[in-house]
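Understanding the architecture of this molecule
Residues per chain are reported as follows:
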Amino acid sequence: DEAVRYAQSLVPKPRLVINLSKEFEDATDPEDFPGETVKAIFDEIKRTQSIVCVAAGNGSGDVTQPAKTGIDPANGYEDHVLVVGAIDRDDAIYVNSCRGQVEMVYAPGSDVISTYKSSGSELHKGVSGTSFAAPHVTALVANLWSEYPELPAARIVELLKSTCRKPATAEAVATFSGEASYGRGIIDAWAALAAL
């Protein structure tokens, strides 16, 4: 909540693009992420026409994280939330990525090179998970808005979803019982920009 308010204070009429990649054990735990905080944040997100890209979770089953926090398109946030799953370099759904939500999108999230701290030294390492896929979607939303700042959040969200592509190979589709597991598909930055 404080981070959202701080970002809003930086410009007169902000529209924020927020990346939410955090694991929540239980939305009712007041020390983790209390329900009233979620409501307060989303009141602000709706008011400012902002967008949140939220990692789907890494439980390898149905989407968990948005539901645990209340940050879920099904809760009336469909114009402001993009739920993100992870794929590997062959377009197959990353084995631990949560999936199964019809409106979710996918982005690279397997063996993504990132900074990593171990035993006091910083290095680079290949990391995997939906937390590494969500920033790809966040960046694409920011790119679209920087090109067309007049567009409302709902238009950006639908544009990104409607220009998603299908997996490149039949083998990728077969990985998790067919194309339906891919929701709206895999983000395609060029197609989204070209559509505008």
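Criteria and cut-off values
The residue numbers shown here count from 1 along each chain, following its written sequence. For this predicted model, a pLDDT threshold of at least 70 governs which residues receive local features, and a threshold of 80 or more governs which side-chain atom pairs are given and counted, while totals over whole chains, interfaces and linings are taken from all residues. Only hydrogens and water are set aside; all other atoms, that is, all heavy atoms of the structure, feed into the side-chain values. For every residue, the predictor assigns a confidence score, pLDDT, that lies between 0 and 100. Note on conventions: DSSP H or I runs of at least 4 residues are helices, E runs of at least 2 residues are strands, and numbering of each starts at the N terminus. Throughout, exposure labels follow a simple rule: accessible area from a 1.4 Å probe, protein chains only, divided by the maximum for the residue type, with under 20% read as buried, over 50% as exposed, and the rest as partly exposed. Paired strands are those between which DSSP finds at least two bridges.

So, about the confidence of the model for the protein. Of the residues in the protein, 76% reach a pLDDT of 70 or more, and the chain-wide mean stands at 80. Mean pLDDT values over the elements of the protein span from 58, in helix α3 (residues 65-69), up to 95, in strand β4 (residues 105-108).

Buried residues dominate strand β2 (residues 51-55), accounting for five of its five residues. Note: strand β1 (residues 17-20) against β2, four bridges, orientation parallel. Residue pairing for β2: N19 is matched across the bridge by C53.

A few words now on the environment of K46. Within the secondary structure, K46 sits in helix α2 (residues 35-47). The class of K46 is partly exposed, set by a relative accessible area of 35%. Residues K46 and H80 lie 34 residues apart in sequence; the distance between their C-alpha atoms is 7.1 Å.

What follows deals with the environment of Y94. Structurally, the position occupied by Y94 is in the loop between β3 (81-87) and β4. For Y94, a relative accessible area of 14% translates into the label buried. Remark: the alpha-carbon pair of Y94 and S110, spanning 16 residues in sequence, is separated by 6.4 Å.

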